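Single-letter residue listing:
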Amino acid sequence: MEKIVFEKSGIRDFVNSTIAEKIEKLKNFIEFTQEASRDIKKTPKYDSMREEMQEEIYQMQRQLGALNDLKKNMAKVLNATTERVQLGSLVITNKARFYISVSLGEFFFEGDRFYAISPESPMARKLMGMRAGDEFTLNKIHQKVVEVL
């Protein structure tokens, strides 16, 4: 069986650019919603419509804050290869590929499925300190660490 080689720096760049794209989209949505709220004509439903739009803007601003936190946390993620799982590790198990970085969830990079998980997640906490060849069980699913990059 041919060994697949993963470029960790490419995955790191992909996660950073995904976060940056989400931030940009959200900023555009906030700006659009703010402009739309200013353009509402005085009607019987004027106050309730404006209030709903303000609530929507508030929710988007909270999401933007969370995305900015992800961006800031990604700056702490190292790109060095190590033998043991730590922040910044790309962990290949017999079941999945995990990038210990920020909580971004599932993504596809060059046709392969990965999961960007935060170091606080149950999976990352289980993996921390492990090496290739170590085995573990989480949620009744047994996995073997194949490679740590």
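Placed above this text is the structure.
Rules and cut-offs
- Residues numbered from 1 in each chain as written.
- Predicted model: local features only at pLDDT ≥ 70, side-chain atom pairs only at ≥ 80, totals over all residues.
- Heavy atoms only, no water.
- Core = buried A, V, L, I, M, F, W, Y, C linked by side-chain atoms within 4.5 Å.
- Buried < 20%, exposed > 50% of the residue type's maximum accessible area, 1.4 Å probe, protein only.
- Helix = DSSP H or I, 4+ residues; strand = E, 2+ residues; numbered from the N terminus.
- Contact = heavy atoms within 4.5 Å.
- Pairing = 2+ DSSP bridges.
- Axes fitted to C-alpha atoms, helices over the stretch in contact; angles between N-to-C directions.
- Phe/Tyr/Trp six-rings, centres within 6.5 Å; stacked < 30°, edge-to-face > 60°.
- Lys NZ or Arg CZ within 6 Å of the ring centre and 35° of its normal.
- Expected span 1.5 Å × (residues − 1).
- Polar contact = N/O pair within 3.5 Å; in protein donor to acceptor, adjacent residues only side chain to side chain.

> How should I be thinking about the nonpolar core in this particular structure?
Ile11, Val15, Ile19 and Leu90 are the most contacted members of the largest nonpolar core, which totals 24 residues. Those elements that place two or more of their residues in this core are helix H1 (8–38), helix H2 (46–74), strand S1 (90–93), strand S3 (105–109) and strand S4 (112–117). Look past the residues within four positions of Ile11 in its chain and what remains in contact with it is Phe6, Leu90, Tyr99, Phe107, Phe109 and Phe114. Membership of the second largest hydrophobic core comes to 14 residues, among which are Ala96, Ile100, Met130 and Val145.

> Is there a simple way to think about the sheet that holds S1 in this case?
By definition, the strands of a sheet pair up through backbone hydrogen bonds, in either a parallel or an antiparallel sense. Ordered in space as S3-S4-S2-S1-S6-S5, the 6 strands form an open sheet in which the pairing is mixed. Each of the sheet's edge strands pairs with one partner strand only, and the pair in question is S3 and strand S5 (135–138). Between one strand axis and the next, the sheet turns by 35 degrees as a mean value, whatever way the strands run. One ladder, built from 5 bridges, connects S3 with S4; its direction is antiparallel. Its bridge partner being in S4, Phe108 is matched across the sheet by Arg113. Here H1 sits on the sheet in contact with S1, strand S2 (97–100), S3 and S4, set at roughly 120 degrees to S3.

> Explain the packing of aromatic side chains to me, please; I cannot follow it from the model alone.
The way to describe two aromatic rings as a pair is by their centre distance and the angle between their planes. Inspection of every chain in the model, using the stated rule, returns 5 aromatic pairs. Lying over the aromatic face of Phe114, Arg97 brings its terminal NZ or CZ to 5.8 Å of the ring centre.

> Just checking my understanding: could you explain H2 for this structure?
Residues three or four positions apart in an α-helix share a direction because the helix packs 3.6 residues into each turn. The terminal C-alpha atoms of H2, which comprises 29 residues, lie 42 Å apart, in line with the 42 Å expected from a rise of 1.5 Å per residue. What H2 keeps buried is the set Tyr46, Met53, Ile57, Met60, Leu64, Leu67, Leu70 and Met74. Next to the buried residues of H2 lie H1 and S2.

> What is the right way to look at the environment of Glu7 in this model?
Mapped onto the elements, Glu7 comes out in the segment before H1. Overall, Glu7 belongs to the exposed group, its relative accessible area being 51%. Residues Glu7 and Ser103 lie 96 residues apart in sequence; the distance between their C-alpha atoms is 20 Å. Of note is the side chain of Glu7, whose polar atom sits 3.0 Å from the side chain of Ser9.

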